Every structure is written in structure tokens, then in C-alpha cells.
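Now for the letters of each chain:
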Amino acid sequence: MILPYLAIWKTSYSEQAAEQIDRTLEVRQHRLTAGLWVSSRFENVHGCLLISQGRGKFTRFRHAISAVESIDSSLQHACLEFTTGKNTNIGDLTLLLRDLASIQTQVVASLKIQAGKYVDRILAIAVLDPGIWIQDFDGQQSFQSMCDPVALAEKSGVSVIDEFPTRDLAVGGHGMPLDALPAWMLFADRNPRVSDRVNTLVVIAGQTNVYRLPPSDGLDSELPEIELTETVGYGLLAEVQSLLSGGDGQGQVADFEDRYVCQHWIPVFDAILEEFRNRKTDVGGKPNQYGLLARLLIDSITESIDSPESNRQVLATVAQWIANQIVRAANAAGDTEVFFCDSESGGPNAIAGGIGELCGKLAVESGGQASGTFANSKIGETNYGALTAAMLGLF
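Counting from 1, residues in each chain are numbered in the order their sequence is written. At least 70 in pLDDT is required for a residue's local features to be given in this predicted model, at least 80 for side-chain atom pairs to be given and counted, and no such filter applies to totals for whole chains, interfaces and linings, which use all residues. Calculated side-chain values reflect all of the structure's heavy atoms, with hydrogen atoms and water omitted.

1. Notes on the overall build of the chain
For step 1, the next point in the chain: Each helix is a run of H or I in the DSSP string that is no shorter than four residues. Each strand is a run of E no shorter than two, and both are numbered from the N terminus. Along its length, the chain carries 12 helices and 11 strands.
For step 2, the next point in the chain: Relative accessible area decides the class of each residue, using a 1.4 Å probe on protein chains only: under 20% of the type maximum gives buried, over 50% gives exposed, and in between gives partly exposed. A burial count over the chain gives 48% of its 395 residues as buried.
For step 3, the next point in the chain: Two residues form a contact once any of their heavy atoms are found within 4.5 Å. The contacts of the chain with a sequence gap of at least 6 include a subset with a gap of at least 24, amounting to 68%.
For step 4, the next point in the chain: Per element, the accessible surface of the chain, about 19000 Å² overall, is 51% carbon and sulfur. Working definition of accessibility: Shrake-Rupley area with a 1.4 Å probe, residue cover restricted to the visible protein chains.

Next comes the structure, spelled out in C-alpha cells:
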């Protein structure tokens, strides 16, 4: 029997780069997944198209492209009304999710344009969003995604995966955070020859998560244990600003000048945070977890708040105090290489500036990028939340 001689074996080594890419994708060595991440206060929808190779703990990420679309203020305000429990009308929610799906579709369309002729290789779209958290009378948590997967799938032409917190709750988890494994995949020392360096990743978002990432050469029988430390983040500053502005639920993270910082308030805030942690042990990253803490901080200095100038002092001091807490949590990880990843803010702000001053060279860059040396330079310009969503779609 004579076996056919494949034409692909005849091609010369000097063939065009595009043809080489075609051949690589033809044998399915690489996978393309899209990730969408809606910011915690519904300001933007970030997208990521991720190219990966390998499976399981041997997965490597080769390249990523990104896109982003802003959410208009009226839609943002409507979304916040549902996450804060001010609106519970199912009909309004259905229309709202349809409008949100239109913006998400625009992000997917931008990713598909960048994918070019490989657009048909996109396996699925994975979506992460703040969602609506509901606590039953017996304390059980449930999650309702702020995504219309049917509308998004029909408009984009790609299968959609969502409800990741619900999946985690179903197997006994807390629903949040979900980025421990993606963080380890991206930032851990995974050198297949010698891996001995412990890294620390600080993810600054509504809540700040500090991951201590052990090394692995890939020969471990199981994934290593990842340590997590939680501390305050942008969510608290937004809650404080919302309360000072009349409680309209639309507090924004802004750039406040250092001259407004009142250093004598910092120890007071430290004591309040310690008391808050002892009183409320399971915050879990859920929306509005900082409402009570924000009120306690303001009440502790309420006699000093009597003018717009005082409001700026409160906001600047809270921002500096949050930066102190974040750096303190990072230092508690020990003598490790530290990466900062700002996945929430869209521009310069007091928290990022405060961390930059406290850490010197490890200044946090705004716009969802990691400071210092990124674990893979090919994905350093991509929003961390969208990257996490794309990776969860693979797992």
C-alpha cells in the first residue's frame, strides 16, 4: 500500500509567514478565546482575544489583543441601581441587559476585526461582570449575571460562557475572587528548567487582592497552593465619594493633590479597619461591601467635615490611606518580586500615585496595565480583567 505524500511536507522552509501561521493553526496547536470584563462600576467594557498553547498547567499564552468601549452615564446609572438593590423590576433588567449586550457586541466586533482571517478560530467568548449578589434569609449567597448570553451570542456569532461566580458557588466556593489560577498562570515563575522564585501579584480593583504565587516547573502532580490576602481598594474610595456627594451612587475615583492629605487621620482609619474586619469576616468581594466601612470612616471625622475643602481632604486622605494598606499587604508577602496590576481605574488617581511614591520604582501605571516586568511581555498592554475572563473560558 502506498501512502499519499502530503503536500505540506514539500513546502520549503522559506515559505511566507502567513502560510506558516496557517499551517500551525491547521493542526490546532493554538487556541483563540475572547474575554469580556465589565468594570465594577459599569464604566467600561474591556475585551481581550487570547492565543494560548498547551493544556492544563502546561498552558502557555503567546499573544493577546485588546479593545474597550465606554458605557454611557445613563446606562451606567441604571446598572448600579440594580447592583445596589434600588431597582428590582425584571422587565427593566431585561431591557438593560439587552442594551449592555449591544456594547459588548461592539467590543467583540473590534476584536474580530483585529483577528483578521483567523476570526473563525475564536472558540468562545467568556464574560465577567459585577452582577447582582443576593443573600438569602439563611445567609446563602447567589449570583445573577448582568449579561444576556443569548443576545450576545446571536449578535456576535460566537458561543458565550458566563455565570462563573455561580459555577464556583455550585462546587462550594465563595463565588469571588476567580482570578487565582489565571494570576498564577501569568505571573508565577514557571520556568520548565529551574523555577525557584516566589512572586507576588497585587491586583488593585474594587477590592485589592494580593496573591503569593509559588514557583513550579510543571512536574508537580497538583497545582501549588496560592495564598490570598484581601484589603481595601477603589470600591471604598468610590463609596466615600458617593456619600460625600449626596449618595447618588456614582462616586468616581479622581486625582487628588497630596496637600489635602491629613496624616493625623491615618491612625484613626487603621483602628476602624481593624474593628470592621473583626465584625465582618466574610466580605468576599461582593458589591457594596464597603458601604458600612465608608460610613464608619466619615463618622469618625464628621466634626471636621464642614466645607468642600474638607471633602477634598477626606477623599485625599482616604486615597492615601488605601495606598498605605495596599503596600502594607504587599510587603507582608515577604521577600518576593512584586507585580502591581491596576485593573479598575481609567487614568491617573491618588491611590496609584500613593503606591508609586511608597514603592519607588514599582509605580502603578493606570489603564489596567501591570507595573514592573510583566510575566509575558506580549500581553502587557491588555486589561487584567478581560485577560482573566479569556483564561477562565479556557479552563
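We are not done yet, so read on.
2. A closer look at the pattern of salt bridges
For step 1, the next point in the chain: A side-chain nitrogen of Lys or Arg and a carboxyl oxygen of Asp or Glu constitute a salt bridge if their distance falls within 4 Å. Following the criterion strictly, the structure yields 3 salt bridges and no others.
For step 2, the next point in the chain: Across the pair Arg 197 and Glu 337 runs a salt bridge whose closest N-O atoms are separated by 3.1 Å. Here Arg 197, found in the loop between α6 (180-187) and β8 (199-204), pairs with Glu 337, found in strand β11 (residues 337-342); they are 140 residues apart in sequence, far enough to count as distant.
For step 3, the next point in the chain: Classification of Arg 197 as partly exposed rests on a relative accessible area of 37%.
For step 4, the next point in the chain: With a relative accessible area of 31%, Glu 337 lands in the partly exposed category.
For step 5, the next point in the chain: Across the pair Asp 270 and Arg 328 runs a salt bridge, and its minimum N-O distance is 3.9 Å. Taken together, the residues span a long stretch of sequence, with Asp 270 in helix α8 (residues 266-279) and Arg 328 in helix α10 (residues 308-331) at a distance of 58 residues.
For step 6, the next point in the chain: For Asp 270, a relative accessible area of 24% gives the class partly exposed.

3. Some words on the packing of α6 against helix α12 (residues 384-394)
For step 1, the next point in the chain: Where α6 contacts α12, the axes come no closer than 9 Å and their chain directions differ by 105°. When the axis of α6 is compared with that of α12, the two are roughly perpendicular. Taking contact as the criterion, the partners of Pro 182, Ala 183, Met 185, Leu 186 and Phe 187 in α6 are, on α12, Tyr 384, Leu 387, Thr 388, Met 391 and Leu 392.
For step 2, the next point in the chain: Following the grouping adopted for this structure description, the nonpolar residues are Ala, Val, Leu, Ile, Met, Phe, Trp, Tyr, Cys and Pro, the charged ones are Asp, Glu, Lys and Arg, and the polar ones are all others, Gly among them. Across the contact of α6 with α12, the residue classes break down as 9 nonpolar, 1 polar and no charged. Only the stretch in contact is used when a helix axis is fitted, and all axes are lines through C-alpha atoms; the angle between N-to-C directions ranges over 0 to 180 degrees. Working rule for angles: under 35 degrees goes down as roughly parallel, over 145 as roughly antiparallel, 65 to 115 as roughly perpendicular, anything else as oblique.

4. Let's talk about helix α7 (residues 234-244)
For step 1, the next point in the chain: Where burial is concerned, most of α7 is hidden: 9 out of the 11 residues are buried.
For step 2, the next point in the chain: The complete set of buried residues in α7 reads Tyr 234, Gly 235, Leu 236, Leu 237, Ala 238, Glu 239, Val 240, Gln 241 and Ser 242.

5. A word on the pairing of strand β2 (residues 44-53)
For step 1, the next point in the chain: Burial analysis of β2 places 8 of its 10 residues in the buried class, the great majority of the element.
For step 2, the next point in the chain: By the convention used here, strands pair only if DSSP detects at least 2 bridges between them. Inspection of the sheet shows strand β1 (residues 30-38) paired to β2 by 9 bridges, in the antiparallel sense. The residue of β2 that forms the bridge with Leu 36 is Gly 47.
For step 3, the next point in the chain: The antiparallel pairing of β1 with β2 creates a hairpin that spans 5 residues between the two strands, and Phe 42 there sits at a positive phi of about 55°.

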